[in-house]
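Read off the chains here:
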Amino acid sequence: MPRRLPPLDGRASGLCCHGSGPTGKPWSSMSMSVDGCGSNVGQSTFLYAQYLGVDLQICPDLQWLVESSLCAPLPADWIKERRGDQVFYHNMRTKESAWAHPLELLHKDVGGKIVRLRSRLLSEGERAAECDSLRRKCVRMLAELQGIVCVVENGERLFRNQVTEHVSTTDPRPALLHVVKLHEKALKAIGNGAHGLSSIAEHSAHSQRPCKQRTAEAKTAAASAAAAKLRRLAHQQERTPPPTRQQPSP
């Protein structure tokens with residue numbers, strides 16, 4: 001019988017910015033200043049927010065989206081690989097490799113939706129339908145998060161999603177929790193808070209550090225990472241496709 005997993009801890013899903021930039025320099029060495037009140041952002045943070053579809057001059061309250069994207073955990077079956085001075089991401093199940101973090105496109109989609117739903121371009125009916133779609137996604141991800149069990153097959157520890165029946169080799173819970181919180185924040189940002197989900201997700205919180213400390217760390221990490229992220233995006237066209245992962249020699 002599968003056994004329930006222990007609660008998430010800070011190591012499983014704490015701040016973990018996406019490795020190094022295309023030149024191999026760690027993001028933490030490419031720092032951009034953020035003032036103590038969070039009212040001003042570094043240029044790289046501002047430009048990366050634009051890449052995600054958000055103008056921080058118009059919507060300064062959405063800086064959290066940049067921090068969320070830069071510090072997202074990896075989904076099930078994805079691992080971070082390094083070849084020489086370059087970092088890429090590899091899916092151990094599908095054998096897919098990519099330069100971009102697997103959740104980056106999701107953050108870009110959510111950023112575009114927040115801006116669109118805040119505008120007056122949609123009717124009330126269209127806006128309500130979009131918000132309902134976000135809310136359903138949030139509920140579905142939360143159900144999956146609560147339905148993860150650990151199984152042992154042929155001596156190998158695996159994680160089974162009882163909702164989708166997908167079996168993964170890596171713990172999918174940190175990424176699922178991250179996606180739940182992302183959609184919760186998106187709903188609150190557009191004025192349709194997911195009131196019934198907040199308390200449940202908070203019970204899965206993965207850090208016991210004070211809120212102010214976590215916020216300061218998130219802003220520092222995001223500002224440090226944004227510069228390298230933009231450099232990678234600027235040179236993406238010049239780069240060769242990511243290498244395929246090779247099995248180690250016996």
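Residues numbered from 1 in each chain as written. Predicted model: local features only at pLDDT ≥ 70, side-chain atom pairs only at ≥ 80, totals over all residues. Heavy atoms only, no water.

(A) Highlighting the overall build of the chain. Across its full length, the chain carries eight helices and seven strands. When each of the 250 residues of the chain is scored for burial, the buried share is 44%. Per element, the accessible surface of the chain, about 13500 Å² overall, is 53% carbon and sulfur. (Helix = DSSP H or I, 4+ residues; strand = E, 2+ residues; numbered from the N terminus. Buried < 20%, exposed > 50% of the residue type's maximum accessible area, 1.4 Å probe, protein only. Areas by Shrake-Rupley, 256 points an atom, 1.4 Å probe, with all protein chains shown as cover.)

(B) Expanded view of the packing of helix H2 (residues 43–51) against helix H3 (residues 63–70). Close contact between H2 and H3 brings their axes to 9 Å; oriented N to C, the two are set at 85°. The angle between the axes of H2 and H3 places the two elements in the roughly perpendicular class. When H2 is examined against H3, the residues Thr-45, Tyr-48 and Ala-49 are found in contact with a partner set consisting of Gln-63, Val-66, Ser-69 and Leu-70. Its residues placed into classes, the contact of H2 with H3 shows four nonpolar, three polar and no charged. (Axes fitted to C-alpha atoms, helices over the stretch in contact; angles between N-to-C directions. Parallel < 35°, antiparallel > 145°, perpendicular 65-115°, else oblique. Contact = heavy atoms within 4.5 Å. Nonpolar A, V, L, I, M, F, W, Y, C, P; charged D, E, K, R; others polar.)

(C) View of the pattern of salt bridges. Under the definition given, this model contains ten salt bridges. Close ionic contact of Arg-135 with Asp-132 constitutes a salt bridge, the shortest N to O distance being 4.0 Å. A residue pair is termed a helical-turn pair when its members lie 3 or 4 positions apart in one helix, as Arg-135 and Asp-132 do in helix H5 (residues 124–146) at three residues. On the basis of relative accessibility, which here comes to 33%, the residue Asp-132 falls in the partly exposed class. (Salt bridge = Lys/Arg side-chain N within 4 Å of Asp/Glu carboxyl O.)

(D) Here's a closer look at the pairing of strand E2 (residues 78–83). Pairing between E2 and strand E3 (residues 86–91): six bridges, direction antiparallel. Note that in E3 the partner of Ile-79 across the bridge is His-90. Connecting E2 to the next strand, E3, in antiparallel fashion are two residues, including Gly-84 with a positive phi near 70°. (Pairing = 2+ DSSP bridges.)

(E) The confidence of the model for the chain, seen in detail. Overall, the predicted model of the chain reaches an average pLDDT of 74, with 60% of residues at or above 70. For residues 1–16, every residue scores under 50 in pLDDT, and the model assigns this stretch 40 contacts once sequence neighbours within four places are set aside. Here residues 193–209 scores under 50 on pLDDT; set against residues more than four positions off or in separate chains, the count is 31 contacts. (pLDDT = per-residue confidence, 0-100.)

(F) Spatial organisation of the environment of Thr-164. Here Thr-164 is to be found in the loop between strand E6 (156–161) and strand E7 (167–168). Note on Thr-164: relative accessible area 41%, which makes it partly exposed. When the C-alpha atoms of Thr-164 and Gly-147 are compared, they prove to be 9.4 Å apart, with 17 residues separating the residues in sequence.

(G) How the structure looks around the sheet that holds strand E4 (residues 97–98). The antiparallel open sheet is built from three strands, whose spatial order is E2-E3-E4. Each of the sheet's edge strands pairs with one partner strand only, and the pair in question is E2 and E4. Note that E3 and E4 share two bridges and pair antiparallel. Within E4, the residue paired with Tyr-89 across the bridge is Ala-98.

(H) Inspection of the nonpolar core at higher detail. Core analysis: the biggest nonpolar cluster contains 23 residues, and Leu-62, Trp-64, Leu-65, Ile-114 and Ile-190 have the highest contact counts within it. Among the secondary structure elements, those contributing two or more residues to this core are H2, H3, helix H4 (104–118), H5 and helix H6 (173–189). Excluding its chain neighbours within four sequence positions, the residues that come into contact with Ile-114 are Leu-62, Trp-64, Ala-186, Ala-189 and Ile-190. The next biggest cluster of nonpolar side chains, apart from the first, holds ten residues, and it includes Met-141, Leu-145, Leu-176 and Leu-177. (Core = buried A, V, L, I, M, F, W, Y, C linked by side-chain atoms within 4.5 Å.)

(I) The packing of aromatic side chains, seen in detail. The tally for this structure, following the rule as stated, stands at two aromatic pairs. Centroid distance Tyr-48 to Tyr-51: 5.8 Å. Interplanar angle 20°. Geometry classified as stacked. Taken together, the residues Tyr-48 and Tyr-51, both in helix H2 and three residues apart, mark about one turn of the helix. By relative accessible area, Tyr-48 is classed as buried at 0%. Judged by centre distance (6.2 Å) and plane angle (85°), the ring pair of Phe-88 and Trp-99 falls under edge-to-face. Residue Phe-88 is located in strand E3, and its partner Trp-99 is located in the loop between E4 and H4; the two are separated by eleven residues in the primary sequence. A relative accessible area of 0% places Phe-88 in the buried class. For Trp-99, a relative accessible area of 8% puts it in the buried group. (Phe/Tyr/Trp six-rings, centres within 6.5 Å; stacked < 30°, edge-to-face > 60°.)

(J) Inspection of H5 at higher detail. A rise of 1.5 Å per residue sets the reference length of H5, with its 23 residues, at 33 Å; its end C-alpha atoms lie 33 Å apart and thus fit the reference within 8%. For H5, the full list of buried residues reads Cys-131, Leu-134, Cys-138, Met-141, Leu-142, Glu-144 and Leu-145. (Expected span 1.5 Å × (residues − 1).)

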